[in-house]
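Architecture at a glance
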Amino acid sequence: MTIKATLGLALSLIALSIAAPASAADLVLYDALDFAAPVAKAFQAKTGLTVDVVEPGSTGETLGKIAAEGGNPRFDIVWLDGSAVMERMAADHVLQPVPADAFDKVAFTDLGKSLIPQSHAFLPTGTSTTAIEVNTKKVEAGKTPKSWADLQGFAGSVAAKDPNLSGPAYQWLAGIFQTNGVDAGKALLTKTLTNKSLSGLSSGGKVNKAVLTGDAAVGINQDSAIFSKIAAGEPVVAVYPSEGSVSLPQGLGISAKTQHMDAARKFIEFVTSAEGQAAMQNGDDTDFFFIPIIKGVNAKPGRETNITYTHLDDQLASAHETEWKQWYKDNFVQ
Amino acid sequence: MVLNNRNAAAGGVGFGRLPRLTALFRYGGPAAVYAVFGLLIGLPLALVLLQAVMPGLFAVGRGDWFLSLAPLARVFASPAMAGSVLHSLVLGLLAAFTTTALGGAFAVLVQRCDIPLRRTVSLLPWLVFLTPSYLKALAWVLLMSSGGYLAQLGILPPSLGASFFGLAGLVFVHTLSLFPLAVFIIGSALAGLGSELEDAARLSGAGPLRIWLRVNGPLLAPAIVLSFIATFAEVLSDFGLASTIARMSNFGVLTYGIYAAASDYPVDFPAAGAQALVLLALVLLVVVADRLLRRRADPHLISGRAKPARLYDLGAWRWPALTVALIVALLALILPLGAIAARALTSTLGNGLVFSNFTLSNIGAALSPDTPANDGLLRSLFYAALTAVIASVMALLLSAQLGRSNPVMRTTVLGLSLGAVAIPGIVLGFGYILVWNRLPGFRDWPFPQYGAASLLVMGYVAAALPYCLVVILSAIGQLAPSLTDAARLHGIGALRRLVSVTLPLILLSVVTAFLLTFIRTVFELPISQMLIPQSGPPAPTLILKLFSHDRDGLACAIALAAMAAAGGTAALIWYPLNRALAFGRSRPPTTPARPGEPS
């Protein structure tokens, strides 16, 4: 009877596999961005090419899946926040360089041009930055912090993401060390992040939750997440620190093993077209509030774009990545 | 070995009735069990655990086979990781104790006492079981945080809210969300206990307390210990609370450490493997300790002749007893569900429970056809039903094979199953990707394929099978051997014995296993995440994605709809069946096994 069971199991699984073949689509897209599925739908409607959108969860979870797949990646394109991680995947030959002519076809703004990686590991499609999220019910208007340094006044009530779990959070950390100097930056954070249960959160959503429930008065969060909450009517504001902000590009990468290069090129063309950009803004969640980097495209209403940027020294940031992440973990996580 | 077994299976179907295959049956049983375990759980798990001692196995570029103890040394050298080992152990032991106590008391209350509303109250464990741990954890965060619903309503003193986020709160929420497990395990043993032994003790002049301490207690001991171990394993492998309340309380546990190591590019495989190894070692330790401390064989309780036990008349104490049960219901079900419903029905969290903040748009989005939310929901219900059929049938067949084999084998499988319960879904999911996308041979195998729904269902089955085995094996273990022996002496074949003797006696356990699997699978999170099919996400992935993308209102709405659908389906199966069984039992005493009767 075990024999019959085995056969029964095999038969039912076969039936299931026939019902759902693994990859019949023209493109397989791995992503962790709110607008990716609507954009894929619009792309499908326009070109007739089918896209399987695979979204395992947060950026970290998507990266974990890609890492587990190793040298046998199952996606054709990947679309994520964070430039450093794309560079690492390209260095491991999980990604192949995006063809140079794909960049030439796009009318990037100056900000956009500054985000194009030399390695061509990814093609930037938009950007965002880190800002201070302030709960206006908890913090009086006169006492709103203006800089990272001001956050010391809120010590113990500052929510922050763990850079070990969030690419953007690492870029923020590296940015602080760059603008303040490493030692002064460490001293500043040690005085500010005194509540470990708030300083090692795993996602922007958890920072939002901490600020909205009042567990924290202020949070260090991706600005598009804050604008999305403002649009939803939550009592928060975004403050850009006077020290300057580091840009957090989101990019499209192409799998080193893709068999669908033509479809991938068409997808990139669509995303950077006016139509694709409109689809990227057709929603109310965090990622729809990105900063456009293509000429003639405006941000969603209510989204601040007049931001003073500092340029992050990527090489310095990636050279110290392990060390600085470990320092953060030892001091502010667990 | 796997392939051999498949060949054997293919050959066996054609010649199933040939006598010479009886031998294969006898020895094929244990072999099949090992093969199923090996393929479904052992191999994927081994690939993850091996990395604890072979850190280079799946390294980027070219893997190597060098042995090293460095990853394990790192776990115990790092204060954070060593601390999380201790945290997991303390939390697991405490919660297993409180859960078993609450569940055992609850089982006795609803099965043996004449409390008012007994039938309604006995539904509570099932309803609690419907809510997955990550939702309950989120609900308690919504309730207890300093700006949360209880504080907004002015019910919660701030000091209590603060102390909730720590060991005490974790034990509290674990106990309330896992006590159904203890009720199921201890309750099914209680049902099999019958009243003969108790009646005999009473006739010999023993009082109720003495009967429970000296007769029922020892007879129930295996179930109580099983419940303790199962809860301990559950707590250790839990990720829902680990990633919410524990994280917010700065209470690092092993599962979160594994998750953190596995959520980046590149993945810290050695750290994930080492922590998974420590986690499983802890569960194994408890199982082994149990075997060493309690060497007596488990009693066989179901004789096929047991009379249902009579209810205790509690007198005036009926009402306080009911009140206690209702308080449990309030804390375990009504409050968390209320918080989820409140969040599903409000547009923002910060503005709280004021009228202007209410909306129906989230519920509308979850229920309208052709939305991603609705598609995910239907997909999950289908996968869960398929998984439940496969897992419970497999568990029944494997248990039947094991029921007659030697006790060592049964203990081994029970231990393996409990160990498997403790495998965090994320570890199993990772192992599945490594086996089916990285291992030569499996990678190019046409079926099941990574990225297809088939592998997701296989992963679900692997996660559910240990549970089904524990439930069904413990029911079969209680069957007195005389029943099937009688049938065998009449020359009844193994298959007929299973279908017409064993199955009717344990049908309720099989259905229990089916429904448990169905409900758990609808909400199974980590495996859904790792093995998400390219054809579209199942509901849990969708719910989690919405949470992490900050749309918890819609996530709560989908979760509510999923609970209603899963609960409704379960009720549709359970009630007619329960009624039919009750009807069957109310007939004049018949021996369930009547060999002459056609099956």
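Residues numbered from 1 in each chain as written. Chains lettered and ligands numbered in written order. Predicted model: local features only at pLDDT ≥ 70, side-chain atom pairs only at ≥ 80, totals over all residues.

Moving on: the overall build of chain A. The secondary structure content of chain A amounts to 15 helices and 10 strands. For 334 residues, the compact-globule formula gives about 20 Å, and the C-alpha radius of gyration of chain A, at 21 Å, lands near that figure. Along the longest, intermediate and shortest principal axes, the C-alpha atoms of chain A span 70 × 55 × 40 Å. Split into buried and exposed, the 334 residues of chain A put 57% on the buried side. Put simply, of all contacts in chain A between residues at least 6 apart along the chain, 78% involve residues at least 24 apart. (Helix = DSSP H or I, 4+ residues; strand = E, 2+ residues; numbered from the N terminus. Rg over C-alpha atoms; globule rule 2.2 N^0.38 Å. Buried ≥ 20, exposed ≤ 12 C-beta atoms within 10 Å, placed from the backbone. Contact = placed C-beta atoms within 7 Å.)

Moving on, we come to the overall build of chain B. Broken down by element type, chain B carries 25 helices and 0 strands. Split into buried and exposed, the 599 residues of chain B put 53% on the buried side. Long-range contacts, defined here as pairs at least 24 residues apart, represent 80% of the contacts in chain B between residues at least 6 apart.

Residue and element names in this part refer to chain A. According to the domain assignment, chain A contains domain 1 (2-127 + 249-301) and domain 2 (128-246 + 310-332). Put simply, the middle of domain 1 and the middle of domain 2, counted by C-alpha atoms, are 28 Å apart. If you look at the interface, domain 1 gives 15 residues, while domain 2 gives 17 residues. At the level of secondary structure, the elements contributing two or more residues to the side of domain 1 that touches domain 2 comprise α3 (59-69) and α4 (84-91). Among the residues making up the side of domain 1 that touches domain 2, the classes are represented as 5 nonpolar, 6 polar and 4 charged. (Domains from an automatic or database assignment. Nonpolar A, V, L, I, M, F, W, Y, C, P; charged D, E, K, R; others polar.)

A separate point is the nonpolar core. Core analysis: the biggest nonpolar cluster contains 298 residues, and L29 of chain A together with I472 and I558 of chain B have the highest contact counts within it. The dominant element in this core, judged by the number of residues it contributes, is helix α20 (residues 453-478) of chain B, at 20 residues. (Core = buried A, V, L, I, M, F, W, Y, C linked by C-beta atoms within 7 Å.)

So, about the domain arrangement of chain B. Residue and element names in this part refer to chain B. According to the domain assignment, chain B consists of domain 1 (73-359) and domain 2 (367-599). Measuring from the centre of the C-alpha atoms in domain 1 to the corresponding centre in domain 2 gives 21 Å. Taken together, the contact between domain 1 and domain 2 spans 42 residues of the former and 40 residues of the latter. Within the residue set of the side of domain 1 that touches domain 2, elements represented by two or more residues are α5 (118-130), α6 (133-144), α9 (167-193), α11 (208-237), α13 (254-262), α14 (269-293) and α15 (318-344).

Attention now goes to the environment of V278 of chain B. All names here are of chain B. Looking at the secondary structure, you find V278 in helix α14. When the C-alpha positions of V278 and M144 are compared, they lie 32 Å apart, and in sequence the two are 134 residues distant. Once you skip the residues sitting within four places of it in the chain, V278 turns out to touch V75, V85 and L254.

Moving on, we come to the confidence of the model for chain B. Note that predicted coordinates carrying low pLDDT should not be read in detail. All names here are of chain B. Mean pLDDT over chain B works out to 81, with 88% of the residues at or above the 70 mark. Counting contacts from residues 1-18, a segment whose pLDDT is below 50, to residues more than four positions away or on other chains yields 22 contacts. Confidence metrics for the complex model read pTM 0.81 and ipTM 0.79. (pLDDT = per-residue confidence, 0-100.)

Time to look at the pairing of strand β1 (residues 27-31) of chain A. Residue and element names in this part refer to chain A. With 5 of 5 residues buried, β1 is to be regarded as a mostly interior element. Side chains of β1 alternate between two faces, with L27, L29 and D31 and V28 and Y30 buried alike. Bridge count between β1 and strand β2 (residues 51-54): 4 bridges; the pairing is parallel. Its bridge partner lying in β2, L27 is registered against V51. Taken together, β1, helix α2 (residues 36-47) and β2 form a β-α-β motif whose crossover is right-handed. Sheet analysis places β1 next to strand β3 (residues 77-81), joined by 3 bridges and oriented parallel. Bridging across to β3, L29 finds its partner in I77. (Pairing = 2+ DSSP bridges. Right-handed = clockwise from strand over helix to strand, strands pointing away.)

So, on to the environment of A463 of chain B. Residues and elements named next belong to chain B. When you line up the elements, A463 lands in helix α20. Residue classification places A463 among the buried residues on the basis of 25 C-beta atoms within 10 Å. For the pair formed by A463 and G205, sequence separation is 258 residues and the distance between their alpha carbons is 48 Å. A463 has contacts with G425, L428, E524 and I527, leaving out every residue within four places of it along the chain.

With 15 residues, helix α18 (residues 407-421) of chain B ought to run about 21 Å at 1.5 Å a step, and its terminal C-alpha atoms sit 21 Å apart, in line with that. Here α18 of chain B has its buried residues at V413, L414, S417, L418, G419, A420 and V421 of chain B. (Expected span 1.5 Å × (residues − 1).)

Time to look at the packing of helix α4 (residues 79-112) of chain B against α14 of chain B. Residue and element names in this part refer to chain B. Relative to each other, α4 and α14 sit at 25°, their axes nearing to 11 Å. Taken together, the axes of α4 and α14 lie roughly parallel to each other. Every pair of crossing elements has a handedness; the one defined by α4 and α14 is right-handed. Across from M81, V85, S88 and L89 in α4, the residues of α14 making contact are Q275, V278, L279 and L282. A breakdown of the residues in the contact of α4 with α14 according to their chemical character gives 6 nonpolar, 2 polar and no charged. (Axes fitted to C-alpha atoms, helices over the stretch in contact; angles between N-to-C directions. Parallel < 35°, antiparallel > 145°, perpendicular 65-115°, else oblique. Left-handed = near helix turned anticlockwise from the far one by under 90°.)

Here we take up the packing of α14 of chain B against α18 of chain B. Residue and element names in this part refer to chain B. Where α14 contacts α18, the two axes come as close as 9 Å, and the packing angle between them is 145°. Crossing of α14 against α18: the hand is right-handed. Touching L280, V283, L284, V287 and R291 of α14 are T411, G415, L418 and G419, all from α18. The residue inventory of the contact of α14 with α18, partitioned by class, reads 5 nonpolar, 3 polar and 1 charged.

A few words now on unusual backbone geometry. You will see that H93 of chain A, though not glycine, has its phi angle at about 60°, which is positive. Among the secondary structure elements, H93 of chain A is positioned in the loop between α4 and β4 (95-96). The class for H93 of chain A is partly exposed, based on 13 C-beta atoms found within 10 Å. In this structure, L117 of chain B takes a positive phi of about 60° despite not being glycine. Looking at where L117 of chain B falls in the secondary structure, it is placed in the loop between α4 and α5.

Let us look at helix α22 (residues 494-523) of chain B. The terminal C-alpha atoms of α22 of chain B, which comprises 30 residues, lie only 36 Å apart, well short of the 44 Å expected from a rise of 1.5 Å per residue. Remark: the principal bend of α22 of chain B, roughly 65°, maps to L503 of chain B, with a proline, P504 of chain B, within the next four residues. (Bend = angle between axes of the 7 residues up to and from the residue.)

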